[in-house]
Amino acid sequence: RFSRSISPNGVGDYRVDGKVVSFAQYEERLGDIGVILKARNFLVFQGDVESLANKNPNELVEMFEQFSGSIEYKQPYEEALKKKDQAEAATVFAY
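Computed from a predicted structure; not experimentally measured. (Residues numbered from 1 in each chain as written. Predicted model: local features only at pLDDT ≥ 70, side-chain atom pairs only at ≥ 80, totals over all residues. Heavy atoms only, no water.)

> What am I meant to see in the overall build of the protein here?
Assigned secondary structure in the protein consists of four helices and three strands. Counting helices and strands in the order they occur from the N terminus, the protein gives β-β-β-α-α-α-α. For 95 residues, the compact-globule formula gives about 12 Å, and the C-alpha radius of gyration of the protein, at 20 Å, lies well above that figure. Projected onto the principal axes, the alpha-carbon positions of the protein cover approximately 65 × 40 × 20 Å. Buried residues in the protein amount to 9% of all 95 residues. Pairs at least 24 apart in sequence give 14% of the contacts found in the protein among residues at least 6 apart. On the protein, roughly 8,300 Å² of surface is accessible, and the fraction owed to carbon and sulfur atoms is 57%. The centroid of the 12 positive side-chain charges in the protein is displaced by 6 Å from the centroid of its 15 negative side-chain charges. (Helix = DSSP H or I, 4+ residues; strand = E, 2+ residues; numbered from the N terminus. Rg over C-alpha atoms; globule rule 2.2 N^0.38 Å. Buried < 20%, exposed > 50% of the residue type's maximum accessible area, 1.4 Å probe, protein only. Contact = heavy atoms within 4.5 Å. Areas by Shrake-Rupley, 256 points an atom, 1.4 Å probe, with all protein chains shown as cover. Lys, Arg positive; Asp, Glu negative; His and termini not counted. Charge placed at Lys NZ, Arg CZ, Asp CG, Glu CD.)

Have a look at this one:
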């Protein structure tokens, strides 16, 4: 997993699998999977575009959750939502 963050004062860092690395290491690891930053553009194959176009809405949501990193909060969110629903149902029966 690759990430880059920039603090409010403008200081940035690069991370690979949660570990802070130098830009050179970050660029090298991206190169290992075929992403070349120096090109300043990316080649997207037609099959990849077609694959995205054929995804159903749930698959698209899951893909965006993975990209954004929010997927790690999915299970805790669903558990909290279930507890909320149960609490609301219990409240309705109490009145």
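> Would you mind going over the environment of isoleucine 71 with me for this structure?
Tracing the chain through its elements places isoleucine 71 in the loop between helix H3 (57–68) and helix H4 (74–94). Isoleucine 71 sits 10 residues away from valine 61 along the chain, and the two C-alpha atoms are 9.7 Å apart.

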